[in-house]
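What follows is the residue order along each chain.
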Amino acid sequence: MVTGEGAERIGADLEDEGWSATRAWVEKGLPEAERIDDVARLRGGWTSEMRRLDIRGPGGRRSLVLRSFVRPFFVRHAEGLLTREAAVLRLLGGTDVPAATLVAVDATAQYCDHPSLLMSLLPGTVRLADEGADRRAELPARQLLRIHRLPVTAETRPRTYQAWTSPERVRPPEHTERPELWQRAVNVIRREPPEYLACFLHRDFHPGNVLFTGDGDDPRISGVVDWVETSWGPADLDVAHCSTALTLLHGVPAGMRFADRYVAAGGTLAEGPAAHLYWRLLDALAFAPDAEKVAVPWREVGRADLTPALLTRRLEDYLQALFDRYA
């Protein structure tokens, strides 16, 4: 959820885009005399449409964020996704994790044009540039550890994680010159998952879901967003997902270093290299064949250099690096 950078003003009139019911739902829940004054579309996501709603009232101005699922696939799953995110935001409200505050949710579009969730706007911006990436690198590792250490009860524990790929679903790049590398990687995830010590997972933790404030020499994490996939499972999965994303954004060395930073911060990962390799490959193979689903929103916020060819090369080099270290 970007505040300024990556935001595109679209005006206050949502009715022209089929959002009249959603607007009425939002304004009905506002304190008396508050109204939506302006709307900006937030770039950087691909599962849902994100909008910043600027609210004006007697007390001045404030901003909220509206998440709406409009793509048919996500509309079908919206009830589970938005109900889960709403529950997690309520849970995080009593912790030191910098998450948004839940305002309202309509997970089944009973009142809105699309399944929607309304929340507070967090300060900061997404920072995906290569410049300053190394200075920022330790902060997400420490933040992720704090997420994994969140205490939960049996009632607040999220669902058990779901794998995002399987041996049957992996599609190597069409013109790969390294088919044997892909086959070797697929063979690793054919076995049963290793035993693990479960913890609270963000499940989609990566640089695109972390907000920063501060200048380049003193960055600070101001928010962690996108809690729709929150799960219960091995810390390795969150570390693996962020490692793959860092690889695609900044290159293989950045992706390979993240697990070390997490452990240095006090985190615990799978003891054996074979188990660690399994979780890393289970995540990386979900990005095949070309990682376009993450690259499109990243390019929208300035990373035009992330071409399909570059992403494919980085992903393949990452697979090889994982085998070199853990096999």
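All of these numbers come straight from a predicted model, not from anything done at the bench.

Asks: How do you make sense of the packing of helix 6 (residues 179-188) against helix 11 (residues 308-326) when you look at a structure like this?
Replies: Across the interface, helix 6 lies against helix 11 with an axial gap of 10 Å and an inter-helix angle of 60°. Taken together, the axes of helix 6 and helix 11 lie oblique to each other. Considering only the axes of helix 6 and helix 11, their crossing is left-handed. Of the residues in helix 11, those in contact with Leu-181, Trp-182, Arg-184, Ala-185 and Val-188 of helix 6 are Leu-315, Glu-316, Leu-319, Gln-320 and Phe-323. Grouping the amino acids of the contact of helix 6 with helix 11 by side-chain chemistry returns seven nonpolar, one polar and two charged.

Asks: For this particular structure, what's the right way to read the pattern of salt bridges?
Replies: A side chain with one charge may pair with a side chain of the opposite charge, provided their charged atoms come close. For the structure on display, the rule yields 19 salt bridges. Glu-34 is the salt-bridge partner of Arg-62, the closest N and O atoms lying 2.8 Å from each other. With a gap of 28 residues between them, Arg-62 in strand 4 (residues 60-68) and Glu-34 in the loop between helix 1 (20-29) and strand 2 (35-42) connect regions that are remote in the sequence. Arg-62 sits in the partly exposed class, given a relative accessible area of 34%. By relative accessible area, which is 12% here, Glu-34 ends up buried. The salt bridge partner of Arg-52 is Asp-54, with a shortest N-O separation of 3.1 Å. We classify Arg-52 as buried; its relative accessible area is 16%. Here Asp-54 falls in the buried class, since its relative accessible area comes to 7%.

Asks: Where do I start with unusual backbone geometry in this structure?
Replies: Cis geometry marks the peptide bond from Ala-288 to Pro-289, where omega comes out at 10°. Within the secondary structure, Pro-289 sits in the loop between helix 9 (273-284) and helix 10 (292-300). Unusually for a residue other than glycine, Arg-203 sits at a positive phi of about 80°. Of note, the phi angle at Asp-226 is positive, near 70°, even though the residue is not glycine. Here Asp-226 lies in the loop between strand 10 (220-224) and strand 11 (231-234).

Asks: Please clarify how the environment of Asp-238 should be interpreted in this entry.
Replies: In this structure, Asp-238 sits in helix 7 (residues 235-250). By relative accessible area, which is 0% here, Asp-238 ends up buried. Taking the C-alpha atoms as reference points, Asp-238 and Asp-204, separated by 34 residues in sequence, lie 7.0 Å from one another. At 2.8 Å, the side chain of Asp-238 forms a polar contact with the side chain of His-148.

Asks: How do you make sense of the packing of helix 7 against helix 9 when you look at a structure like this?
Replies: Helix-helix packing is described using two parameters, namely the angle between the two axes and the distance between the axes. The N-to-C vectors of helix 7 and helix 9 enclose an angle of 50°; their axes lie 8 Å apart at closest approach. The orientation of helix 7 with respect to helix 9, classified from their angle, is oblique. Between helix 7 and helix 9 lies a crossing of right-handed hand. For the pair helix 7 and helix 9, contact is made by Asp-236, Leu-237, Ala-240, His-241, Ser-243 and Thr-244 and by His-276, Trp-279, Arg-280, Leu-282, Asp-283 and Ala-284, respectively.

Asks: Explain the sheet that holds strand 9 (residues 210-213) to me, please; I cannot follow it from the model alone.
Replies: Judged by pairing direction, the sheet is antiparallel, and its three strands sit side by side in the order 7-9-10 without closing on themselves. On the outer flanks of this sheet lie strand 7 (125-126) and strand 10, each paired with one strand and no other. Bridge count between strand 7 and strand 9: two bridges; the pairing is antiparallel. Each residue of the ladder has a partner; that of Val-126, found in strand 9, is Leu-211. Across the sheet, helix 5 (residues 138-148) is in contact with strand 9 and strand 10; its angle to strand 10 comes to roughly 45°.

Definitions and limits used
Residues numbered from 1 in each chain as written. Predicted model: local features only at pLDDT ≥ 70, side-chain atom pairs only at ≥ 80, totals over all residues. Heavy atoms only, no water. Axes fitted to C-alpha atoms, helices over the stretch in contact; angles between N-to-C directions. Helix = DSSP H or I, 4+ residues; strand = E, 2+ residues; numbered from the N terminus. Parallel < 35°, antiparallel > 145°, perpendicular 65-115°, else oblique. Left-handed = near helix turned anticlockwise from the far one by under 90°. Contact = heavy atoms within 4.5 Å. Nonpolar A, V, L, I, M, F, W, Y, C, P; charged D, E, K, R; others polar. Salt bridge = Lys/Arg side-chain N within 4 Å of Asp/Glu carboxyl O. Buried < 20%, exposed > 50% of the residue type's maximum accessible area, 1.4 Å probe, protein only. Polar contact = N/O pair within 3.5 Å; in protein donor to acceptor, adjacent residues only side chain to side chain. Pairing = 2+ DSSP bridges.

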